[in-house]
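# Structure assessment
Each chain is listed here by its residues.
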Amino acid sequence: MIVQRLDGTRLRECAGPLADLLADTVADGASVGFLAPLDRGAALAWWQERAAAVAAGRLAVWAARDGGEVVGTVGLAFAGKPNSRHRAELVKLMVRPGARGRGLGRTLLATAEEAAADAGVTLLHLDTETGSPAERLYRGAGWTRAGVIPDYAADPGGVLRPTTLYYKAIVPAARRQPEAPGTRARQ
């Protein structure tokens, strides 16, 4: 399994496989901002539109590959306002249905958290469908539940569902304690 950060050019090159991942994720019932059935052309256009934000540094995107196939992705949307540059939003954490249950979600989440710390981000936030399997992942990774908003977003079938907001304080790389050889500092 290889997890790679994509620049704008690599994102455009990878847009087709990412579109397939997005369409499969929506078809499997995940509430990631789209209704089912998701047309591949619409998914492809959505990913292609992200390339400019990646190139400008407003968005970071990682793709996980297994044997050349894109099986997962995660993104960080960096805040643009002067009073909010210390925070970023975790976006579009997706794992292909057939690749779930092997720790890839945790790997992608840890990758994004580490990159946020390296960028000096001290606070991450996200929203996810209340009661979704993703909630277990975030709680298990030390994220704090901030609250629930009823009828926040429609699931892929068009039914309004509540969304749970989570946040996590991040220790910037510059303030981390040096690691002893053979150990890894825990956040």
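These numbers come from a predicted model, not from an experiment. (Residues numbered from 1 in each chain as written. Predicted model: local features only at pLDDT ≥ 70, side-chain atom pairs only at ≥ 80, totals over all residues. Heavy atoms only, no water.)

## A look at the overall build of the protein chain
Inclusion rule: Going along the chain from the N terminus, every DSSP run of H or I of four or more residues is numbered as a helix, and every run of E of two or more is numbered as a strand. Here the globule rule is a power law, 2.2 Å times the number of residues to the power 0.38, and the radius of gyration is based on C-alpha atoms. A contact between two residues is defined here by any heavy atoms of the two lying within 4.5 Å. In short, Shrake-Rupley with a 1.4 Å probe defines the accessible areas, and a residue's cover is counted only from the protein chains shown. Positive charges come from Lys and Arg alone, negative charges from Asp and Glu alone, with His and the N- and C-terminal ends not counted. A charged residue contributes its charge at one atom only: NZ of Lys, CZ of Arg, CG of Asp or CD of Glu.
A count of helices and strands for the protein chain gives 4 helices and 7 strands. Element order for the protein chain, N to C, with α for helix and β for strand: β-α-α-β-β-β-α-β-α-β-β. Computed over its C-alpha atoms, the radius of gyration of the protein chain comes to 16 Å, within 12% of the 16 Å expected for a compact globule of 187 residues. Its C-alpha atoms give the protein chain principal-axis dimensions of roughly 50 × 40 × 35 Å. Pairs at least 24 residues apart make up 60% of the contacts formed inside the protein chain by residues separated by at least 6 positions. Carbon and sulfur atoms provide 51% of the accessible area of the protein chain, an area that totals close to 10,000 Å². Here the protein chain contributes 24 positively and 19 negatively charged side chains, and the mean placements of these two sets differ by 6 Å.

## Side note on the pattern of salt bridges
To be explicit about the condition: The salt bridge definition used is simple: a Lys or Arg side-chain nitrogen within 4 Å of an Asp or Glu carboxyl oxygen. Partly exposed residues are those whose accessible area sits between 20% and 50% of the maximum for their type, while under 20% is buried and over 50% is exposed, using a 1.4 Å probe and protein chains only.
The tally for this structure, following the rule as stated, stands at 10 salt bridges. Asp24 serves as the salt-bridge partner of Arg96, at 2.2 Å between the closest nitrogen and oxygen. Of the two residues, Arg96 sits in the loop between strand E4 (87–95) and helix H3 (104–118) while Asp24 sits in helix H1 (residues 8–27), which places them 72 residues apart along the sequence. For Arg96, a relative accessible area of 12% corresponds to the buried category. The class for Asp24 is partly exposed, based on a relative accessible area of 32%. A cluster of three or more residues bridged by salt bridges with shared partners is formed by Asp24, Glu69 and Arg96.

## Things to note about the sheet that holds strand E2 (residues 59–66)
Let me state the cut-off plainly: Any two strands with at least two DSSP-identified bridges between them are counted as paired. Interaxial angle, 0 to 180 degrees, is taken between N-to-C directions of lines fitted to C-alpha atoms, where a helix line uses only the stretch in contact.
Spatial ordering of the open sheet is given by E1-E2-E3-E4-E5-E7-E6, a layout of 7 strands whose pairing is mixed. Both edges of this open sheet fall to strand E1 (2–6) and strand E6 (144–154), since each of them pairs with a single strand only. Ignoring which end each strand starts from, the neighbouring axes of this sheet average 25° apart. The sheet contact formed by E1 and E2 spans 5 bridges and is antiparallel. Its bridge partner lying in E2, Leu6 is registered against Val61. Running at roughly 125° to E2, helix H2 (residues 40–55) makes contact with E1, E2, strand E3 (69–78) and E4 of the sheet.

## Topic: H2
Here is the rule: Working rule for helices: expected span equals 1.5 Å times residues minus one. Under this definition, polar contacts are N or O atom pairs within 3.5 Å; protein pairs additionally need one hydrogen-donor-capable and one acceptor-capable atom, and for neighbouring residues in sequence, both atoms have to be side-chain atoms.
Between its terminal C-alpha atoms H2 stretches 23 Å, which fits the 22 Å expected from 16 residues at 1.5 Å a residue. Those residues of H2 not exposed but buried are Ala43, Trp46, Trp47, Ala51, Ala53 and Val54. Among the structural elements, E1, H1, E2, E3 and E4 are those in contact with the buried residues of H2. Among the residues of H2, the N-terminal cap falls to Asp39, whose side-chain oxygen and the backbone nitrogen of Gly41 are separated by 3.0 Å. Once H2 finishes, Gly57 follows within two positions and takes phi at roughly 85°, a positive value.

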